[in-house]
Amino acid sequence: MSNLPDRLPPDELRASDADREQVAEVLRAATAEGRIELAELDERLGRAYAARTYAELEPLTRDIPRAVSDAVARRAGHDVERHRPPKWAIGVMSGFDRRGRWVAPRTFRALAFWGGGRIDLREAQLDGNVIRVRAWAVMGGMEIIVPDDADVSVTGLGIMGGFDQRASGLGSPGGPRIRVSGLAFWGGVSVRRRARSRRWQPGD
């Protein structure tokens, strides 16, 4: 470890897409308040999206009051709260369907009571590439679809029902880690491996 280079000063560290977008939002807010002309906004936005380091981003908002930046940060925080991923799916004498591109929490709970449900994780955005699914099927059925490159562990229990564990197994390096547990009572939970859609792959 002694051969590693010294850490760079903070302003020389690489900026992320989120950093560039936050600066852009501050610039747009300042323009809406009449602090920046439209022509200058275009010029600063171009520099913001082309910036590679914090040192290149910092001058773009140096002459804008801190109150503008704080207002943008608060608004972003509220947006996060509004878009917090759902932690439950419930089907009581009905059904539920979670599929497509959706944001999944680290632990997702699902209940099917006299009903059915489907949870498709192939295009889901997983927090840390990990998810634990706790599934309960009571006189109902549930299908959980996992990508074929996932590391999957299924440990559910079936009582007068079935909890299919055949999808358990190792995945590809870098694939998601999926843990499924729960109970099937007079019902069934099936876990199936399926190929990802060709129109979407991790990192898109």
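The rules we used
- Residues numbered from 1 in each chain as written.
- Predicted model: local features only at pLDDT ≥ 70, side-chain atom pairs only at ≥ 80, totals over all residues.
- Heavy atoms only, no water.
- Helix = DSSP H or I, 4+ residues; strand = E, 2+ residues; numbered from the N terminus.
- Buried < 20%, exposed > 50% of the residue type's maximum accessible area, 1.4 Å probe, protein only.
- Contact = heavy atoms within 4.5 Å.
- Core = buried A, V, L, I, M, F, W, Y, C linked by side-chain atoms within 4.5 Å.
- Phe/Tyr/Trp six-rings, centres within 6.5 Å; stacked < 30°, edge-to-face > 60°.
- pLDDT = per-residue confidence, 0-100.
- Pairing = 2+ DSSP bridges.
- Salt bridge = Lys/Arg side-chain N within 4 Å of Asp/Glu carboxyl O.
- Patch = residues over 30% accessible without salt bridge, like charges linked within 9 Å, V, L, I, M, F, W, Y side chains within 5 Å.
- Areas by Shrake-Rupley, 256 points an atom, 1.4 Å probe, with all protein chains shown as cover.

Draft legend 1. The overall build of the chain, seen in detail. Tallying secondary structure elements over the chain gives 4 helices and 13 strands in all. Looking at the chain as a whole, 35% of its 204 residues qualify as buried. In the chain, of all internal contacts separated by at least 6 residues, the share reaching a separation of at least 24 is 63%.

Draft legend 2. How the structure looks around the nonpolar core. Core analysis: the largest hydrophobic core is formed by 28 residues, its most contacted members being I119, L121 and I144. Counting only elements with at least two residues in this core, the list comes to strand 4 (107–113), strand 7 (130–138), strand 8 (141–147), strand 9 (151–154), strand 12 (177–185) and strand 13 (188–194). Of all the elements, strand 7 adds the most residues to this core, at 4 residues. I144 has contacts with I119, V133, A135, V180, V189, S190, V191 and R192, leaving out every residue within four places of it along the chain. Counting 14 residues, the second largest nonpolar core, distinct from the first, contains A24, V26, A51 and I64.

Draft legend 3. Geometry of the packing of aromatic side chains. Considering all chains together, one arrives at 4 aromatic pairs under this definition. A centroid spacing of 6.0 Å and a plane angle of 5° characterise the contact between F113 and W114, whose relative ring orientation is stacked. Its relative accessible area of 31% is what places F113 among the partly exposed residues. Both rings, one in F185 and one in W186, keep their centres 5.9 Å apart while their planes meet at 5°; by these two values the pair is stacked. Take W186: its relative accessible area is 48%, and that puts it in the partly exposed class.

Draft legend 4. Inspection of the side chain of D164 at higher detail. Following the sequence through the fold, D164 ends up in the loop between strand 11 (162–163) and strand 12. Residue classification places D164 among the buried positions, given a relative accessible area of 13%. With near-sequence residues (within four places) excluded, D164 lies in contact with V154, V189, S190, V191 and R192.

Draft legend 5. Fine view of the confidence of the model for the chain. Confidence in the prediction for the chain averages 82 pLDDT; 81% of positions are at 70 or higher. Between residues 78–83, whose pLDDT stays under 50, and residues either more than four places distant or in other chains, the model counts 0 contacts. Note on residues 199–204: pLDDT under 50 across the span, and 9 contacts to partners over four residues away in sequence or across chains.

Draft legend 6. Quick look at the sheet that holds strand 8. What the 5 strands build is an open sheet, ordered 2-5-8-13-11; its pairing is parallel. The sheet terminates laterally at strand 2 (95–98) and strand 11, the two strands that pair on one side only. Here 7 bridges tie strand 8 to strand 13, and the two strands are oriented parallel to one another. Across the sheet, residue G141 finds its bridge partner in strand 13, namely G188.

Draft legend 7. Region of interest: the pattern of salt bridges. What the rule picks out here adds up to 15 salt bridges. In this structure, the salt-bridge partner of R118 is D97, at a minimum N-O distance of 3.2 Å. Within this pair, whereas R118 is found in strand 5 (residues 116–120), its partner D97 is found in strand 2, the two being separated by 21 residues in sequence. Classification of R118 by relative accessible area gives partly exposed; the value is 24%. For D97, a relative accessible area of 34% translates into the label partly exposed. Connected through salt bridges with shared partners, the residues E21, E25 and R28 form a single ionic network.

Draft legend 8. Representation of a nonpolar patch on the surface within the structure. Taken together, the side chains of W88, I90, V92, M93, F113, W114, M139, L157, I159, M160 and W186 present a nonpolar region at the surface, about 1100 Å² in accessible area. Sorting the residues of the nonpolar patch by element identifies strand 1 (88–92) and strand 10 (157–159) as the ones contributing at least two each. If you tally residues by element for the nonpolar patch, the top one is strand 1, at 3 residues. Turning to its location among the elements, W88 is positioned in strand 1.

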